[in-house]
Amino acid sequence: MLSSLRLTILSNQRSSIRLATAIRRLNLGTTATSYPTKHTGVNDEPYITPSFINNKFIKSELSEWFDIHDPATNHVVSKVPQSTPQELEDAITSAHEAFKIWKEYSVIKRQGIAFKFVQLLRENMDRIASVIVLEQGKTFPDAKGDVLRGLQVAEAACNITNDFKGETLEVSTDMETKLIREPLGVVGSICPFNFPAMVPLWALPVVLATGNTTVIKPSERVPGAAMIICELAAQAGVPPGVINIVHGKHETVNKIIEDPRIKAITFVGGDKAGKYIYEKASALGKRVQANLGAKNHLIVLPDTDKKRFINALNGAAFGAAGQRCMAISVLVTVGKTKEWVADIIADAKKLRVGSGFDPSSDLGPLINPTSLTRSKEIIADSVAAGATLALDGTKFVPSEERFQKGNFLGPTILTDVKPGMRCYDEEIFAPVLSVVNVDTLEEAVDFVNKNPYGNGVSLFTHSGPAAQYFTKNIECGQVGVNVPIPVPLPMFSFTGSKASFLGDLNFYGKNGLMFLTKPKTITTLWKVDEIDEELKPSTSMPVQH
Ligand code: NAD
């Protein structure tokens, strides 16, 4: 399989705009019908991740390459470059030049391309998911979910002909004001490792539909899905230069922040990088939307359906190995539901930890050994601070030898947790659930409201009045009742709040459209009546309508 993944150097060719770098064109090694279905061996040669500039895959004139490891085996599966300064310059120039052409495409034409893009994403869902399994470690069905949630944003973007309608009003006799929204120009997108397809697709379809162009920096740990996505966009008819993909770490991020041709930045990732990017880019006058870290609570009342609640909780806490920004990481038991912990543990023990390509696996490995070590340290520190290790996943060892060097952590449950312990204060981003006990719903709501984050929260109950009290009083951007991961579908926006979001307008939905466009009002006067006014300039503000 690896040979089909390997990129083929085609030839040295000139791009349609002048790029100063000598470029070498490549092809992706996967197709809609040929993609990895198993892990690579230690002797397999890693494939090269190209950049995408001007609708061409380009092998970097490398300054530095980073290894991409398969988290299940820690074999190196790919190498991704730190794009050179010239490549970064080329990508931004390409997007800047293409904006002049793309913004002139009619909205109907852009919509046609959006429909085709959706179709191609659907046809290539398994292909994209397979690369996610290899680079990120998710189970194959979960990786397909990653693609699907991004695809849904692309589907919603097909409604651009309705969403993009302006407003007009005859504000005075023969005078009309029209409000339209125009694209901003080049938008930079900086993405995290945990949703290699969904997060690039949170912005890309809306960026395209609104007439903007883009430079995307996928996570240097999982760039493969984004590469396929841009290939499909080009196939759908997106012209050269509209989408560009560059790679790397701080150097690439700094160029995106600092280049004056980039007008807005969409960021999804951790707090440290997000605050840095938000503050620096805002100070330079750019629009920024930044989705950051989280600590999501699930409150359970005794009147709920216990079995349904446990299934929902364990799926939301341990699915994707807890590496979802909306994963439930804290369970708040109210009253006698603290006695249900034994049943939660019994069910969590049934979850199978293993390779993402194994259909029987429920959760895969963590992204890297650092993440595994950090999770174990947080668990140990929390136990030292008084928490009880009610289910210990730290000793999990896969039975197959080739996975024994993988970053696996079994579902872990800590009880007697209190604020001040690392497992409560920090986002662990691993299959670790902290359990806190309170006596009443009011106490639970107060407890959750004190947490600085505001990405997601959920209540499980059969009581309408309790749900009503909860939804009115809880301070969090995405609230679920009997829904463990309450992310709305993309006809709404992803509305994380408090410390989980920096900016004013959230990703996709109406907010996303507003973020990626600027308003313009056009006021016109075409007098129908004969001129009866005195023909002289009026120097005062009008006082009559
Ligand atoms: P990360 O912050 O390490 O990386 C995100 C991006 O920022 C990457 O492209 C990376 O190259 C870049 N980056 C990292 N450190 C940087 C720095 N110091 N300066 C400039 N750029 C930097 O995040 P991650 O580990 O890839 O992703 C996990 C985090 O993302 C978690 O905290 C998770 O909660 C968060 N996340 C949030 C949401 C949300 O919607 N709120 C969604 C997905 C992930």
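Note that the structure is a prediction, hence the values are computed from the model and not measured.

**Student:** For the packing of aromatic side chains, give the residues involved together with the corresponding values.
**Tutor:** Here the structure, examined in full by the defined rule, presents eleven aromatic pairs. Here Phe 309 and Trp 340 contribute two aromatic rings whose centre-to-centre distance is 5.8 Å and whose plane-to-plane angle is 50 degrees, an arrangement assigned as tilted. On the criterion of sequence distance, the pair formed by Phe 309 in helix α11 (residues 306-318) and Trp 340 in the loop between β16 (328-334) and α12 (341-349) is long-range, its members being 31 residues apart. One aromatic cluster is present, formed by Trp 202, Phe 494, Phe 507 and Tyr 508 through successive ring pairs. It is Lys 109 that lies over the ring of Tyr 105; its NZ or CZ is 4.5 Å from the centre. One cation-aromatic arrangement involves Lys 249 over Phe 66; the distance from NZ or CZ to the ring centre is 4.5 Å.

**Student:** Account for the layout of surface pockets, with residues named and values stated.
**Tutor:** Approximately 1,200 Å³ is the volume found for the largest pocket. Around the largest pocket sit 41 residues that line it, and Arg 221, Gly 269, Gly 270, Asp 271 and Ala 273 are the ones nearest its centre. With five residues, helix α10 (residues 271-283) is the largest single contributor of residues to the lining of the largest pocket. Tallied by class, the residues present in the lining of the largest pocket amount to 19 nonpolar, twelve polar and ten charged.

**Student:** Help me get a handle on the packing of helix α15 (residues 441-449) against helix α16 (residues 464-473), residues and values and all.
**Tutor:** Running from amino to carboxyl end, α15 crosses α16 at an angle of 20 degrees, the nearest separation of the two axes being 11 Å. As judged from the angle between their axes, α15 and α16 are roughly parallel. As α15 packs across α16, the resulting crossing turns out to be right-handed. Touching Leu 441, Glu 442, Val 445 and Asn 449 of α15 are Ala 466, Tyr 469, Phe 470 and Asn 473, all from α16. Grouping the amino acids of the contact of α15 with α16 by side-chain chemistry returns five nonpolar, two polar and one charged.

**Student:** Lay out the state of the cysteines with the relevant residues and their values.
**Tutor:** The full count for this structure, using the stated rule, is zero disulfides. Cysteine Cys 476 remains unbridged, with the sulfur of Cys 325 as its closest cysteine sulfur at 12 Å.

**Student:** Tell me about the sheet that holds strand β8 (residues 167-172), and name the residues and values.
**Tutor:** With respect to topology, three strands assemble into an open sheet ordered β8-β9-β25, the strand pairing being antiparallel. Two strands bound the open sheet, and with one partner strand each, they are β8 and β25 (517-525). Averaged over all pairs of adjacent strands, the angle between their axes in this sheet comes to 25 degrees, without regard to strand direction. Pairing geometry for strand β9 (residues 175-183) and β25, over nine bridges, is antiparallel. Bridge pairing in β25 links Leu 179 to Thr 521.

**Student:** Hey, could you go over the pairing of strand β21 (residues 457-460) for me, with residue numbers and the actual values?
**Tutor:** Taking every second residue as pointing to the same face, both faces of β21 are buried, with Val 457 and Leu 459 on one and Ser 458 and Phe 460 on the other. Across four bridges, strand β15 (residues 296-300) lies against β21 in parallel orientation. Among the inter-strand pairings, His 297 is bridged to a residue of β21, identified as Val 457. Of the strand pairs in this sheet, β21 and strand β22 (residues 479-481) are connected by three bridges, and their pairing is parallel. By the bridge assignment for β22, Leu 459 is matched with Val 481. This β-α-β element, β21 to α16 to β22, shows right-handed connectivity.

About the cut-offs
Residues numbered from 1 in each chain as written. Predicted model: local features only at pLDDT ≥ 70, side-chain atom pairs only at ≥ 80, totals over all residues. Heavy atoms only, no water. Phe/Tyr/Trp six-rings, centres within 6.5 Å; stacked < 30°, edge-to-face > 60°. Helix = DSSP H or I, 4+ residues; strand = E, 2+ residues; numbered from the N terminus. Lys NZ or Arg CZ within 6 Å of the ring centre and 35° of its normal. 1 Å grid on protein atoms, 1.4 Å probe; cavity = no way out; pocket = protein on both sides within 12 Å on 5 of 7 lines; lining within 4 Å. Points joined across faces, edges and corners; volume = space filled by probe spheres on them. Nonpolar A, V, L, I, M, F, W, Y, C, P; charged D, E, K, R; others polar. Axes fitted to C-alpha atoms, helices over the stretch in contact; angles between N-to-C directions. Parallel < 35°, antiparallel > 145°, perpendicular 65-115°, else oblique. Left-handed = near helix turned anticlockwise from the far one by under 90°. Contact = heavy atoms within 4.5 Å. Disulfide = S-S within 2.5 Å. Pairing = 2+ DSSP bridges. Buried < 20%, exposed > 50% of the residue type's maximum accessible area, 1.4 Å probe, protein only. Right-handed = clockwise from strand over helix to strand, strands pointing away.

Take it as geometry only, folks, not as evidence of what the structure does.
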